[in-house]
Amino acid sequence: MAEIRVQNLHKAFADFTAVKDSSFTVRDGDFFCLLGPSGCGKTTTLRMIAGLELPTSGQIFLGDEDVSFKRASARDIAFVFQMFALYPHMNVRKNIAFPLVSQGLPRAQIDAAVEQAARTLQITALLDKPVSGLSSGDRQRVALGRAIVRQPLAFLMDEPLGALDAEFREQMCRELRALHDRLHATTVYVTHDQMEAMAMADTIAIMNQGVIEQLGAPREVYERPASVFVADFVGAPSMNFLPFDAALASGASAVQIGPAQIEVPALREDISARALLCGVRPEHVRFAEASPLRAEVLGTEYLGTSRVVTLRTGQGATLRAKVEVTTGVQRGDHVGLAFDATAVSLFDKASGRALRTARDDVALTMRARHHG
Ligand code: ATP
(Lines give C-alpha, C1' and ligand atoms only; values in the text may rest on other atoms or scores of the structure.)
Protein backbone atom coordinates (compact mmCIF):
# COMPACT_ATOMS: atom_id res chain seq x y z
CA MET A 1 0.00 0.00 0.00
CA ALA A 2 1.09 3.59 -0.38
CA GLU A 3 0.60 7.14 0.71
CA ILE A 4 -1.23 9.52 -1.66
CA ARG A 5 -0.06 13.14 -1.62
CA VAL A 6 -2.06 15.83 -3.40
CA GLN A 7 -0.39 19.22 -3.79
CA ASN A 8 -2.09 22.45 -4.90
CA LEU A 9 -4.41 20.51 -7.18
CA HIS A 10 -6.50 22.65 -9.49
CA LYS A 11 -9.07 21.67 -12.12
CA ALA A 12 -10.93 24.01 -14.43
CA PHE A 13 -13.55 23.01 -17.02
CA ALA A 14 -13.51 25.96 -19.46
CA ASP A 15 -14.14 28.96 -17.19
CA PHE A 16 -15.60 26.90 -14.30
CA THR A 17 -13.20 25.86 -11.53
CA ALA A 18 -14.26 22.53 -10.02
CA VAL A 19 -11.26 22.02 -7.68
CA LYS A 20 -9.29 24.92 -6.18
CA ASP A 21 -5.78 24.61 -4.79
CA SER A 22 -6.43 21.36 -2.97
CA SER A 23 -3.68 19.88 -0.80
CA PHE A 24 -3.88 16.83 1.42
CA THR A 25 -2.11 13.62 2.31
CA VAL A 26 -3.80 10.25 2.58
CA ARG A 27 -1.47 8.34 4.86
CA ASP A 28 -0.53 4.76 4.09
CA GLY A 29 -3.40 2.58 5.31
CA ASP A 30 -5.74 5.52 5.98
CA PHE A 31 -9.47 5.43 5.25
CA PHE A 32 -9.87 8.94 3.87
CA CYS A 33 -13.30 10.40 3.02
CA LEU A 34 -13.92 13.28 0.64
CA LEU A 35 -17.21 14.64 1.97
CA GLY A 36 -19.39 17.43 0.65
CA PRO A 37 -22.61 18.36 -1.11
CA SER A 38 -23.35 17.57 -4.73
CA GLY A 39 -21.13 19.48 -7.16
CA CYS A 40 -18.42 20.44 -4.65
CA GLY A 41 -15.64 18.70 -6.61
CA LYS A 42 -15.29 15.35 -4.81
CA THR A 43 -15.58 13.14 -7.89
CA THR A 44 -13.32 15.40 -9.93
CA THR A 45 -10.66 15.13 -7.21
CA LEU A 46 -11.00 11.34 -7.14
CA ARG A 47 -10.89 11.08 -10.93
CA MET A 48 -7.64 13.07 -10.96
CA ILE A 49 -6.12 10.69 -8.40
CA ALA A 50 -7.27 7.77 -10.57
CA GLY A 51 -5.87 9.32 -13.74
CA LEU A 52 -9.29 9.53 -15.41
CA GLU A 53 -9.02 13.32 -15.48
CA LEU A 54 -5.85 15.39 -15.81
CA PRO A 55 -5.22 18.29 -13.43
CA THR A 56 -5.10 21.85 -14.78
CA SER A 57 -2.22 22.34 -12.35
CA GLY A 58 -0.81 20.77 -9.20
CA GLN A 59 0.68 17.39 -8.43
CA ILE A 60 -0.37 13.94 -7.25
CA PHE A 61 2.13 11.52 -5.72
CA LEU A 62 1.47 7.82 -5.22
CA GLY A 63 4.17 6.82 -2.76
CA ASP A 64 7.27 8.62 -4.05
CA GLU A 65 6.13 8.63 -7.65
CA ASP A 66 4.70 11.73 -9.31
CA VAL A 67 1.72 10.29 -11.20
CA SER A 68 0.01 13.63 -11.98
CA PHE A 69 0.03 13.13 -15.74
CA LYS A 70 0.26 9.33 -15.95
CA ARG A 71 -2.48 7.36 -17.63
CA ALA A 72 -4.94 5.57 -15.35
CA SER A 73 -3.64 2.17 -16.45
CA ALA A 74 -0.12 3.16 -15.40
CA ARG A 75 -1.24 3.85 -11.81
CA ASP A 76 -1.49 0.91 -9.48
CA ILE A 77 -4.88 1.96 -8.12
CA ALA A 78 -8.25 0.17 -8.05
CA PHE A 79 -11.29 2.32 -8.73
CA VAL A 80 -14.52 0.92 -7.29
CA PHE A 81 -17.43 2.51 -9.12
CA GLN A 82 -21.02 2.00 -8.06
CA MET A 83 -20.58 -1.55 -6.97
CA PHE A 84 -23.28 -3.07 -9.09
CA ALA A 85 -21.22 -2.77 -12.27
CA LEU A 86 -20.48 -6.48 -12.74
CA TYR A 87 -20.18 -8.43 -15.98
CA PRO A 88 -23.61 -10.12 -16.15
CA HIS A 89 -22.58 -12.96 -18.46
CA MET A 90 -19.74 -14.13 -16.16
CA ASN A 91 -20.04 -16.01 -12.87
CA VAL A 92 -18.66 -14.65 -9.60
CA ARG A 93 -15.24 -16.31 -10.01
CA LYS A 94 -14.77 -14.87 -13.51
CA ASN A 95 -15.90 -11.42 -12.41
CA ILE A 96 -13.35 -11.36 -9.61
CA ALA A 97 -10.62 -12.86 -11.79
CA PHE A 98 -11.20 -10.40 -14.63
CA PRO A 99 -8.55 -7.77 -13.73
CA LEU A 100 -5.88 -10.49 -13.35
CA VAL A 101 -6.90 -12.24 -16.59
CA SER A 102 -6.58 -8.86 -18.35
CA GLN A 103 -3.05 -8.59 -16.98
CA GLY A 104 -2.27 -12.03 -18.46
CA LEU A 105 -1.19 -13.59 -15.15
CA PRO A 106 -0.66 -17.38 -14.95
CA ARG A 107 -3.79 -19.43 -14.26
CA ALA A 108 -2.61 -20.86 -10.92
CA GLN A 109 -1.75 -17.41 -9.60
CA ILE A 110 -5.17 -16.09 -10.63
CA ASP A 111 -6.98 -19.00 -8.97
CA ALA A 112 -5.09 -18.51 -5.72
CA ALA A 113 -5.74 -14.75 -5.69
CA VAL A 114 -9.47 -15.21 -6.39
CA GLU A 115 -9.79 -17.81 -3.61
CA GLN A 116 -7.97 -15.48 -1.22
CA ALA A 117 -10.19 -12.50 -2.10
CA ALA A 118 -13.32 -14.63 -1.73
CA ARG A 119 -12.17 -15.82 1.70
CA THR A 120 -11.51 -12.23 2.82
CA LEU A 121 -15.02 -11.24 1.74
CA GLN A 122 -16.61 -14.48 2.98
CA ILE A 123 -18.14 -15.28 -0.42
CA THR A 124 -16.30 -18.54 -1.21
CA ALA A 125 -19.63 -20.39 -1.48
CA LEU A 126 -20.74 -18.04 -4.25
CA LEU A 127 -17.72 -18.41 -6.54
CA ASP A 128 -19.39 -20.60 -9.15
CA LYS A 129 -22.79 -18.89 -9.11
CA PRO A 130 -23.96 -16.53 -11.84
CA VAL A 131 -23.99 -12.88 -10.73
CA SER A 132 -27.50 -12.36 -12.07
CA GLY A 133 -29.18 -14.13 -9.15
CA LEU A 134 -27.16 -12.48 -6.36
CA SER A 135 -28.59 -10.22 -3.66
CA SER A 136 -27.42 -6.61 -3.80
CA GLY A 137 -25.15 -7.18 -0.79
CA ASP A 138 -23.42 -10.09 -2.50
CA ARG A 139 -23.09 -8.09 -5.73
CA GLN A 140 -21.31 -5.39 -3.73
CA ARG A 141 -19.00 -7.99 -2.21
CA VAL A 142 -18.17 -9.39 -5.66
CA ALA A 143 -17.42 -5.89 -6.95
CA LEU A 144 -15.14 -5.38 -3.96
CA GLY A 145 -13.53 -8.73 -4.67
CA ARG A 146 -12.67 -7.53 -8.17
CA ALA A 147 -10.98 -4.48 -6.62
CA ILE A 148 -9.02 -6.25 -3.87
CA VAL A 149 -7.85 -9.20 -6.00
CA ARG A 150 -5.31 -6.97 -7.74
CA GLN A 151 -3.74 -5.92 -4.44
CA PRO A 152 -3.36 -2.36 -5.71
CA LEU A 153 -1.49 0.43 -3.93
CA ALA A 154 -4.77 2.17 -3.14
CA PHE A 155 -8.54 1.91 -3.48
CA LEU A 156 -10.71 4.73 -4.76
CA MET A 157 -14.45 4.52 -4.16
CA ASP A 158 -17.06 6.93 -5.50
CA GLU A 159 -20.35 6.80 -3.58
CA PRO A 160 -20.28 2.98 -3.72
CA LEU A 161 -23.28 2.70 -1.40
CA GLY A 162 -25.28 5.51 -2.98
CA ALA A 163 -27.98 3.32 -4.49
CA LEU A 164 -28.79 1.39 -1.33
CA ASP A 165 -31.56 1.86 1.21
CA ALA A 166 -30.63 3.23 4.64
CA GLU A 167 -30.55 -0.02 6.60
CA PHE A 168 -28.47 -1.86 4.03
CA ARG A 169 -26.12 1.10 3.70
CA GLU A 170 -25.40 0.93 7.41
CA GLN A 171 -24.61 -2.77 7.13
CA MET A 172 -22.29 -2.20 4.13
CA CYS A 173 -20.58 0.67 6.01
CA ARG A 174 -19.74 -1.74 8.80
CA GLU A 175 -18.54 -4.37 6.31
CA LEU A 176 -16.38 -1.89 4.39
CA ARG A 177 -14.78 -0.62 7.58
CA ALA A 178 -14.22 -4.20 8.80
CA LEU A 179 -12.65 -5.06 5.43
CA HIS A 180 -10.44 -2.00 5.74
CA ASP A 181 -9.34 -3.10 9.20
CA ARG A 182 -8.33 -6.48 7.73
CA LEU A 183 -6.56 -5.16 4.61
CA HIS A 184 -5.24 -1.79 5.89
CA ALA A 185 -5.56 -0.57 2.32
CA THR A 186 -5.08 3.12 1.59
CA THR A 187 -8.60 4.16 0.63
CA VAL A 188 -10.12 7.37 -0.72
CA TYR A 189 -13.88 7.27 -0.41
CA VAL A 190 -16.23 9.89 -1.88
CA THR A 191 -19.59 10.52 -0.26
CA HIS A 192 -22.13 13.29 0.29
CA ASP A 193 -23.44 11.41 3.34
CA GLN A 194 -21.87 12.72 6.54
CA MET A 195 -23.06 9.69 8.53
CA GLU A 196 -21.13 7.37 6.18
CA ALA A 197 -18.02 9.51 6.48
CA MET A 198 -18.28 9.78 10.26
CA ALA A 199 -18.83 6.03 10.63
CA MET A 200 -15.98 4.86 8.41
CA ALA A 201 -13.25 7.46 8.01
CA ASP A 202 -9.95 7.88 9.80
CA THR A 203 -9.70 11.30 8.16
CA ILE A 204 -12.37 13.46 6.53
CA ALA A 205 -11.80 16.27 4.02
CA ILE A 206 -14.91 18.44 3.83
CA MET A 207 -15.26 20.17 0.47
CA ASN A 208 -17.33 23.21 -0.42
CA GLN A 209 -17.35 24.72 -3.92
CA GLY A 210 -14.05 23.16 -4.92
CA VAL A 211 -12.24 24.07 -1.69
CA ILE A 212 -11.29 21.84 1.23
CA GLU A 213 -12.80 23.63 4.23
CA GLN A 214 -11.42 21.29 6.87
CA LEU A 215 -9.30 18.17 7.20
CA GLY A 216 -9.42 16.08 10.33
CA ALA A 217 -10.51 13.02 12.22
CA PRO A 218 -14.32 12.65 12.48
CA ARG A 219 -14.31 13.70 16.12
CA GLU A 220 -12.18 16.75 15.46
CA VAL A 221 -14.40 17.88 12.58
CA TYR A 222 -17.54 17.35 14.67
CA GLU A 223 -16.32 18.92 17.89
CA ARG A 224 -14.23 21.72 16.44
CA PRO A 225 -15.65 22.74 13.04
CA ALA A 226 -13.45 25.26 11.22
CA SER A 227 -16.39 27.04 9.59
CA VAL A 228 -20.15 27.48 9.67
CA PHE A 229 -20.33 25.33 6.54
CA VAL A 230 -18.61 22.37 8.26
CA ALA A 231 -20.60 22.85 11.48
CA ASP A 232 -23.81 22.80 9.50
CA PHE A 233 -22.90 19.94 7.16
CA VAL A 234 -21.61 17.50 9.79
CA GLY A 235 -24.04 16.25 12.43
CA ALA A 236 -27.77 15.53 12.40
CA PRO A 237 -29.68 17.48 13.51
CA SER A 238 -27.10 20.09 12.57
CA MET A 239 -25.54 22.71 14.83
CA ASN A 240 -27.67 25.63 16.06
CA PHE A 241 -26.48 29.18 15.34
CA LEU A 242 -27.45 32.11 17.54
CA PRO A 243 -26.60 35.49 16.00
CA PHE A 244 -25.26 38.36 18.13
CA ASP A 245 -23.13 41.49 17.66
CA ALA A 246 -20.06 42.07 19.79
CA ALA A 247 -16.49 43.24 20.11
CA LEU A 248 -14.49 40.68 22.07
CA ALA A 249 -11.02 40.77 23.60
CA SER A 250 -8.69 37.80 23.63
CA GLY A 251 -9.31 35.91 26.88
CA ALA A 252 -13.06 36.67 26.93
CA SER A 253 -14.97 33.66 28.22
CA ALA A 254 -18.57 34.86 27.96
CA VAL A 255 -20.73 36.55 25.33
CA GLN A 256 -23.95 38.53 25.72
CA ILE A 257 -26.86 37.23 23.64
CA GLY A 258 -30.03 39.21 24.35
CA PRO A 259 -30.54 39.18 28.12
CA ALA A 260 -28.24 36.17 28.69
CA GLN A 261 -24.54 35.84 29.41
CA ILE A 262 -23.40 32.68 27.64
CA GLU A 263 -20.18 31.10 28.82
CA VAL A 264 -17.84 30.13 25.98
CA PRO A 265 -14.35 28.64 25.70
CA ALA A 266 -11.78 31.45 26.25
CA LEU A 267 -11.15 33.42 23.07
CA ARG A 268 -7.64 33.28 21.59
CA GLU A 269 -7.90 36.42 19.39
CA ASP A 270 -9.19 40.01 19.52
CA ILE A 271 -12.42 40.57 17.57
CA SER A 272 -13.49 44.08 16.54
CA ALA A 273 -17.22 44.91 16.68
CA ARG A 274 -19.06 42.75 14.17
CA ALA A 275 -21.77 40.17 13.59
CA LEU A 276 -20.96 36.81 15.18
CA LEU A 277 -22.62 33.45 15.59
CA CYS A 278 -22.69 31.27 18.67
CA GLY A 279 -22.82 27.63 17.55
CA VAL A 280 -24.12 24.90 19.81
CA ARG A 281 -24.98 21.32 18.93
CA PRO A 282 -28.47 20.07 19.85
CA GLU A 283 -27.12 17.61 22.42
CA HIS A 284 -25.40 20.46 24.28
CA VAL A 285 -28.60 22.46 24.81
CA ARG A 286 -30.19 21.95 28.26
CA PHE A 287 -33.37 23.21 29.86
CA ALA A 288 -32.54 25.40 32.87
CA GLU A 289 -35.53 27.09 34.45
CA ALA A 290 -33.51 29.93 35.99
CA SER A 291 -31.73 30.89 32.74
CA PRO A 292 -32.51 34.36 31.30
CA LEU A 293 -32.20 32.87 27.78
CA ARG A 294 -35.88 32.14 27.21
CA ALA A 295 -37.48 30.17 24.37
CA GLU A 296 -40.84 28.89 23.30
CA VAL A 297 -41.30 25.23 22.37
CA LEU A 298 -42.48 25.00 18.76
CA GLY A 299 -42.66 21.21 18.61
CA THR A 300 -41.09 17.94 19.74
CA GLU A 301 -40.08 14.78 17.89
CA TYR A 302 -39.82 11.44 19.66
CA LEU A 303 -36.86 9.47 18.27
CA GLY A 304 -36.91 6.42 20.52
CA THR A 305 -33.58 7.02 22.26
CA SER A 306 -33.95 10.81 22.46
CA ARG A 307 -36.37 13.64 21.88
CA VAL A 308 -35.63 16.58 19.58
CA VAL A 309 -37.29 19.79 20.70
CA THR A 310 -37.58 22.74 18.30
CA LEU A 311 -37.49 26.13 20.04
CA ARG A 312 -37.62 29.82 19.23
CA THR A 313 -35.70 32.19 21.46
CA GLY A 314 -36.98 35.61 22.57
CA GLN A 315 -34.55 37.06 19.98
CA GLY A 316 -36.25 35.11 17.19
CA ALA A 317 -33.57 32.43 16.59
CA THR A 318 -34.77 28.88 15.99
CA LEU A 319 -32.82 26.06 17.55
CA ARG A 320 -33.12 22.41 18.34
CA ALA A 321 -32.33 20.58 21.56
CA LYS A 322 -31.69 16.85 21.75
CA VAL A 323 -32.86 15.78 25.19
CA GLU A 324 -33.83 12.69 27.18
CA VAL A 325 -37.09 11.10 26.00
CA THR A 326 -38.45 11.58 29.50
CA THR A 327 -38.09 15.39 29.26
CA GLY A 328 -41.69 16.54 29.54
CA VAL A 329 -42.07 19.69 27.44
CA GLN A 330 -44.88 20.47 25.05
CA ARG A 331 -45.58 22.81 22.20
CA GLY A 332 -46.32 26.28 23.60
CA ASP A 333 -44.24 25.83 26.80
CA HIS A 334 -41.77 28.55 27.73
CA VAL A 335 -38.40 27.28 28.94
CA GLY A 336 -34.99 28.60 30.00
CA LEU A 337 -31.97 27.35 28.05
CA ALA A 338 -28.37 26.67 29.04
CA PHE A 339 -25.47 25.41 26.94
CA ASP A 340 -22.56 23.16 27.75
CA ALA A 341 -19.93 25.94 27.81
CA THR A 342 -16.98 23.78 26.73
CA ALA A 343 -18.87 22.64 23.62
CA VAL A 344 -19.84 26.07 22.24
CA SER A 345 -18.22 27.34 18.98
CA LEU A 346 -18.01 30.97 17.87
CA PHE A 347 -18.01 32.09 14.23
CA ASP A 348 -17.53 35.29 12.28
CA LYS A 349 -20.85 35.67 10.46
CA ALA A 350 -19.50 37.36 7.32
CA SER A 351 -16.61 34.98 6.59
CA GLY A 352 -18.12 31.89 8.25
CA ARG A 353 -14.73 31.21 9.86
CA ALA A 354 -14.53 29.81 13.42
CA LEU A 355 -12.94 32.15 15.98
CA ARG A 356 -9.88 30.71 17.71
CA THR A 357 -10.68 29.64 21.26
CA ALA A 358 -9.28 27.45 24.01
CA ARG A 359 -11.00 24.54 22.27
CA ASP A 360 -8.40 24.78 19.50
CA ASP A 361 -5.80 23.77 22.05
CA VAL A 362 -7.72 20.51 22.47
CA ALA A 363 -8.17 20.15 18.70
CA LEU A 364 -4.44 20.62 18.18
CA THR A 365 -3.65 17.96 20.76
CA MET A 366 -6.09 15.60 19.05
CA ARG A 367 -4.54 16.34 15.67
CA ALA A 368 -1.03 15.74 16.99
CA ARG A 369 -2.17 12.42 18.42
CA HIS A 370 -4.03 11.50 15.24
CA HIS A 371 -1.06 12.22 13.02
CA GLY A 372 1.26 10.33 15.34
P1 ATP B 1 -21.71 14.78 -7.27
O2 ATP B 1 -21.82 13.96 -6.01
O3 ATP B 1 -22.98 15.44 -7.67
O4 ATP B 1 -21.01 14.07 -8.40
P5 ATP B 1 -19.19 16.08 -6.77
O6 ATP B 1 -18.86 16.78 -5.51
O7 ATP B 1 -18.59 14.75 -6.98
O8 ATP B 1 -20.77 16.00 -6.89
P9 ATP B 1 -18.03 16.78 -9.28
O10 ATP B 1 -18.65 15.65 -10.02
O11 ATP B 1 -16.58 16.69 -8.97
O12 ATP B 1 -18.84 17.07 -7.94
O13 ATP B 1 -18.31 18.13 -10.09
C14 ATP B 1 -17.88 19.39 -9.62
C15 ATP B 1 -18.35 20.43 -10.59
O16 ATP B 1 -17.64 20.30 -11.81
C17 ATP B 1 -19.84 20.31 -10.92
O18 ATP B 1 -20.39 21.60 -10.99
C19 ATP B 1 -19.83 19.66 -12.27
O20 ATP B 1 -20.95 20.08 -13.04
C21 ATP B 1 -18.53 20.18 -12.90
N22 ATP B 1 -17.98 19.21 -13.84
C23 ATP B 1 -17.58 17.95 -13.55
N24 ATP B 1 -17.10 17.33 -14.68
C25 ATP B 1 -17.23 18.24 -15.69
C26 ATP B 1 -16.90 18.22 -17.09
N27 ATP B 1 -16.36 17.14 -17.66
N28 ATP B 1 -17.16 19.33 -17.80
C29 ATP B 1 -17.69 20.43 -17.23
N30 ATP B 1 -18.01 20.51 -15.91
C31 ATP B 1 -17.78 19.44 -15.14
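This paragraph deals with the domain arrangement of the protein. Here the protein is described as being made up of domain 1 (4-223) and domain 2 (229-371). For domain 1 and domain 2, the distance between their C-alpha centres works out to 36 Å. Residue-level contacts link 20 residues of domain 1 with 15 residues of domain 2. Its largest share of buried area at the contact with domain 2, domain 1 owes to Q194, E220 and Y222, together 40% of the area lost on that side. At the junction of domain 1 with domain 2, the criterion picks out 0 salt bridges. Counting only elements with at least two residues in the side of domain 1 that touches domain 2, the list comes to α6 (194-200), β9 (203-208), β10 (211-216) and α7 (218-223).

This part covers the packing of aromatic side chains. For the structure on display, the rule yields 5 aromatic pairs. Measuring from ring centre to ring centre gives 4.9 Å for F24 and F32, while their planes differ by 15°; the resulting arrangement is stacked. Assessed through its relative accessible area of 4%, F24 is described here as buried. With 5.6 Å between their ring centres and 45° between their planes, F31 and Y189 make a pair best called tilted. Taken together, the residues span a long stretch of sequence, with F31 in strand β3 (residues 31-35) and Y189 in strand β8 (residues 187-191) at a distance of 158 residues.

Reading across the sheet, the 6 strands line up as β6-β7-β8-β3-β9-β10 and stay open at both edges, with mixed pairing between neighbours. Both outer strands of the open sheet, β6 (77-80) and β10, are each paired with one neighbouring strand and no more. Across this sheet, the average inter-strand angle for adjacent strands is 15°, counted without regard to direction. Here 4 bridges tie β6 to strand β7 (residues 154-158), and the two strands are oriented parallel to one another.

A few words on the sheet that holds strand β11 (residues 240-248). Across the sheet, which stays open at both edges, the 3 strands sit in the order β11-β14-β20 with antiparallel pairing between neighbours. Each edge of the open sheet carries a strand with a single partner, namely β11 and β20 (345-348). Averaged over all adjacent pairs, the angle separating strand axes in this sheet is 35°, with direction ignored. Examined bridge by bridge, β11 and strand β14 (residues 271-280) share 8 bridges and lie antiparallel to one another. Opposite A246, over in β14, you have R274 as the bridge partner.

With that settled, consider the pairing of β3. Of all 5 residues in β3, 5 are buried; the element is thus mostly enclosed. As judged from the 5 bridges shared by β3 and β8, these two strands associate in the parallel manner. Following the sheet pairing, F32 is matched in β8 by V188. The pairing of β3 with β9 spans 4 bridges and is parallel. Counted as the bridge partner of L35 is I206 from β9.

Conventions we followed
- Residues numbered from 1 in each chain as written.
- Predicted model: local features only at pLDDT ≥ 70, side-chain atom pairs only at ≥ 80, totals over all residues.
- Heavy atoms only, no water.
- Domains from an automatic or database assignment.
- Contact = heavy atoms within 4.5 Å.
- Buried area = accessible area lost by both parts, 1.4 Å probe.
- Salt bridge = Lys/Arg side-chain N within 4 Å of Asp/Glu carboxyl O.
- Helix = DSSP H or I, 4+ residues; strand = E, 2+ residues; numbered from the N terminus.
- Phe/Tyr/Trp six-rings, centres within 6.5 Å; stacked < 30°, edge-to-face > 60°.
- Buried < 20%, exposed > 50% of the residue type's maximum accessible area, 1.4 Å probe, protein only.
- Pairing = 2+ DSSP bridges.
- Axes fitted to C-alpha atoms, helices over the stretch in contact; angles between N-to-C directions.

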